[in-house]
Amino acid sequence: GETQEEYDMTLNKEVCAVQLAKGLAGVTEEMLSNVVIAYEPVWAIGTGKVATPEIAESVHAYIRSWFAEAYSPAAAEAMRIQYGGSVTPDSVDEL
């Protein structure tokens with residue numbers, strides 16, 4: 001995930017693309033069944049700030065599209081993606 005500054009500059013998807021490419025270097029499509037992706041914005045770690053469902057859904061959709069391009073549409077559809085950031089009692093059900 002991205003820092004607050006990167007988010008404010010609308011770089012969250014670009015940051016995730018770099019993190020995915022580096023983190024999955026050498027991982028084959030066959031190995032992806034053992035992978036779970038967690039999107040966790042840095043700005044939501046220990047700050048009390050919470051991503052809205054719209055933010056999380058937007059980044060999750062981008063991550064899925066990244067997998068479709070980097071691997072295949074089938075790999076993208078099968079990929080498990082979860083929100084790993086902070087939640088509040090009001091946001092936990094939606095996230």
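For the structure itself, look to the data block above.
Read on for a plain summary of the structure. (Residues numbered from 1 in each chain as written. Predicted model: local features only at pLDDT ≥ 70, side-chain atom pairs only at ≥ 80, totals over all residues. Heavy atoms only, no water.)

## Notes on the overall build of the protein chain
Stated formally: The way it works is that DSSP assigns letters per residue, a run of H or I at least four long becomes a helix, a run of E at least two long becomes a strand, and they are numbered from the N terminus. The globule rule used for comparison is 2.2 Å times the number of residues to the exponent 0.38, while the radius of gyration itself is calculated over C-alpha atoms. Each residue is assigned to one of three classes by its accessible area relative to the maximum for its type, calculated with a 1.4 Å probe on protein chains only: buried under 20%, partly exposed between the two thresholds, exposed over 50%.
Per the secondary structure count, the protein chain includes 4 helices and 2 strands. What you see in the protein chain, going N to C, is helices and strands ordered as α-α-β-α-α-β. Since a compact globule built from 95 residues should have a radius of gyration of about 12 Å, the 13 Å found for the protein chain is in line with a globular shape. Principal axes of the C-alpha set define a box for the protein chain whose edges measure 40 × 30 × 20 Å. Per-residue burial over the protein chain gives 33% buried out of 95 residues.

## Digging into the packing of helix H2 (residues 12-23) against helix H3 (residues 53-70)
Quick note on the threshold: Only the stretch in contact is used when a helix axis is fitted, and all axes are lines through C-alpha atoms; the angle between N-to-C directions ranges over 0 to 180 degrees. Any angle that falls under 35 degrees is termed roughly parallel, while one over 145 is termed roughly antiparallel, one within 65 to 115 roughly perpendicular, and all others oblique. Two helices cross in a left-handed way if the nearer one is turned anticlockwise from the farther one by less than a right angle. They cross in a right-handed way if the turn is clockwise. The contact definition used throughout considers only heavy atoms, calling two residues in contact when any of these lie within 4.5 Å. Under the scheme applied, nonpolar residues are Ala, Val, Leu, Ile, Met, Phe, Trp, Tyr, Cys and Pro; charged residues are Asp, Glu, Lys and Arg; polar residues are all the others, including Gly.
H3 packs onto H2 with a crossing angle of 45° between their chain directions and a minimal axis gap of 10 Å. With respect to their mutual orientation, H2 and H3 come out oblique. As H2 packs across H3, the resulting crossing turns out to be right-handed. Contacts from Asn-12, Lys-13, Cys-16, Ala-17, Leu-20 and Ala-21 in H2 reach Ser-58, Val-59, Tyr-62, Ile-63, Trp-66 and Phe-67 in H3. A per-class count over the contact of H2 with H3 returns 9 nonpolar, 2 polar and 1 charged.

## Observations concerning a negative patch on the surface
So the rule is basically this: The residues that make up patches have over 30% relative accessible area and no salt bridge, and they are joined within 9 Å when like-charged or within 5 Å when they are Val, Leu, Ile, Met, Phe, Trp or Tyr. We get accessible surface area from the Shrake-Rupley algorithm with a probe of 1.4 Å; when it comes to residues, only the shown protein chains can shield them. We count a salt bridge whenever a side-chain nitrogen from Lys or Arg sits within 4 Å of a carboxyl oxygen from Asp or Glu. Counted as positive: Lys and Arg. Counted as negative: Asp and Glu, with His and the chain ends omitted from the count. For the purpose of locating charges, the reference atoms are NZ of Lys, CZ of Arg, CG of Asp and CD of Glu.
A surface patch of like charges, here negative, comprises Glu-54, Glu-57, Asp-90, Asp-93 and Glu-94. Secondary-structure assignment places Glu-54 in helix H3.

## Quick look at the environment of Ala-51
Inspection of the secondary structure assignment puts Ala-51 in the loop between strand E1 (36-39) and H3. Classification of Ala-51 as buried rests on a relative accessible area of 1%. It is 20 Å that separates the C-alpha atoms of Ala-51 and Ser-65, two residues lying 14 residues apart in sequence. Residues contacting Ala-51, with those up to four places away along its chain left out, are Pro-41, Trp-43, Tyr-83 and Leu-95.

## Side note on the packing of aromatic side chains
Two numbers describe a pair of aromatic rings. These are the distance of the centres and the angle of the planes. Defined as follows: Side-chain rings of Phe, Tyr and Trp (the six-membered ring for Trp) are treated as a pair once their centres are within 6.5 Å; stacked means planes under 30 degrees apart, edge-to-face means over 60, and tilted covers the remaining angles.
Across all of its chains, the model carries 5 aromatic pairs by this definition. Their ring planes at 55° and their centres at 6.4 Å tell us that Tyr-39 and Tyr-83 sit as a pair that is tilted. Of this pair, Tyr-39 sits in strand E1 while Tyr-83 sits in strand E2 (residues 80-83), and the two are 44 residues apart along the sequence. Here the aromatic rings of Trp-66 and Phe-67 are separated by 5.1 Å at their centres, their planes lie at 85°, and the arrangement is edge-to-face. For the pair Trp-66 and Phe-67, one class covers both residues: buried. These aromatic residues form a ring-pair network of at least three members: Trp-66, Phe-67 and Tyr-71.

By themselves these figures say nothing about function.
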